[in-house]
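# Observations on the model geometry
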Amino acid sequence: MLGAAFPVVPIVGSSSAPSGLWPNGYRYRLRRIIPAAVHQMPSGGTDWVEYKLTDNALRSTANGGKVVNDADWPDLRFETGAGGIIKWERESWDDTTGALVAWLRLGGFISGVNYVVLLYYGKSGITADEADPAGCWAGYVQSVNMATGLDMSGNGRHFTLDGVSSSTIFGAAAGDFV
């Protein structure tokens, strides 16, 4: 598989909020474009993109936004411009500010062609989180979230924090993973 992990790729574009529902049952979507000049991937390549966005629409409905938070997860779904589901991991989501940080595993690049990423939200009644960390990092022996020590690849190779809390690992305190 061709690919490179953790690129710094700016994601640009405009938002769209149609009336009615999209075919997947979501009410709203944000459209972002990764320009071909930025991704420079060969045809068939795979890449991981850190998707950062703060938008008032991404606040929870309880905080004046449009994201439905029926359970312990927000109703967020990423798709390609062609309608394929994107495997992704949610690093963080702040329901009061609408700040979202997610890692997307993007495949099917075509050399010289812009890549469209669609973020859907506003669907009540979902029964499972649509984030798929294990699918996002599949094929790796280990992909560790350094704040928690958890292996996100699905292989269960977790670290245990020793001498620090997850909130101080990148701060002034220091410790070891065991």
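Read on for a plain summary of the structure. (Residues numbered from 1 in each chain as written. Predicted model: local features only at pLDDT ≥ 70, side-chain atom pairs only at ≥ 80, totals over all residues. Heavy atoms only, no water.)

### Focus: the overall build of the chain
Along the chain, the regular secondary structure elements total two helices and 10 strands. Mapped from its N terminus to its C terminus, the chain presents α and β elements in the order β-β-β-α-β-β-β-β-β-α-β-β. Counting over 178 residues, the chain shows a buried share of 37%. At a minimum sequence separation of 6, the contacts of the chain that also span at least 24 residues come to 60%. For the chain, the accessible area works out to roughly 9,100 Å², and carbon and sulfur atoms hold 52% of it. (Helix = DSSP H or I, 4+ residues; strand = E, 2+ residues; numbered from the N terminus. Buried < 20%, exposed > 50% of the residue type's maximum accessible area, 1.4 Å probe, protein only. Contact = heavy atoms within 4.5 Å. Areas by Shrake-Rupley, 256 points an atom, 1.4 Å probe, with all protein chains shown as cover.)

### Thoughts on the pairing of strand E3 (residues 28–34)
Counted residue by residue, E3 has five buried out of seven residues, so it is predominantly covered. Note: E3 against strand E8 (residues 115–121), seven bridges, orientation antiparallel. Bridge pairing links Arg32 to Val117 in E8. (Pairing = 2+ DSSP bridges.)

### What to know about the nonpolar core
Among the nonpolar cores identified, the biggest contains 24 residues, and Leu58, Phe78, Leu104, Leu106 and Val117 are the most heavily contacted of them. Where this core is concerned, the elements lending two or more residues are E3, strand E4 (46–54), strand E6 (87–94), strand E7 (99–106) and E8. What Val117 contacts, discounting residues up to four positions off in sequence, is Leu30, Arg31, Arg32, Ile34, Tyr51, Phe78, Glu79, Ile86, Leu104 and Leu106. (Core = buried A, V, L, I, M, F, W, Y, C linked by side-chain atoms within 4.5 Å.)

### Some words on the side chain of Arg105
Of note, Arg105 is situated in strand E7. The charged side chain of Arg105 is buried without a salt bridge, its nearest counter-charge being Asp132 at 8.8 Å. Of note is the side chain of Arg105, whose polar atom sits 3.5 Å from the backbone oxygen of Gly135. (Lys, Arg positive; Asp, Glu negative; His and termini not counted. Salt bridge = Lys/Arg side-chain N within 4 Å of Asp/Glu carboxyl O. Polar contact = N/O pair within 3.5 Å; in protein donor to acceptor, adjacent residues only side chain to side chain.)

### Thoughts on the pattern of salt bridges
Two side chains carrying opposite charge are able to pair once their charged atoms lie near each other. Across all of its chains, the model carries four salt bridges by this definition. Measuring nitrogen to oxygen at the nearest pair gives 2.7 Å for the salt bridge that ties Glu79 to Arg77. Taken as a pair, Glu79 and Arg77 share a single burial class, namely buried. Among the ionic pairs, Arg90 bridges to Asp129, the shortest N-O distance being 2.5 Å. Taken as a pair, Arg90 in strand E6 and Asp129 in the loop between E8 and helix H2 (133–136) lie far apart in primary sequence, 39 residues in all. For Arg90, a relative accessible area of 22% corresponds to the partly exposed category. Through salt bridges that share partners, Arg77, Glu79 and Glu130 make up one connected network.

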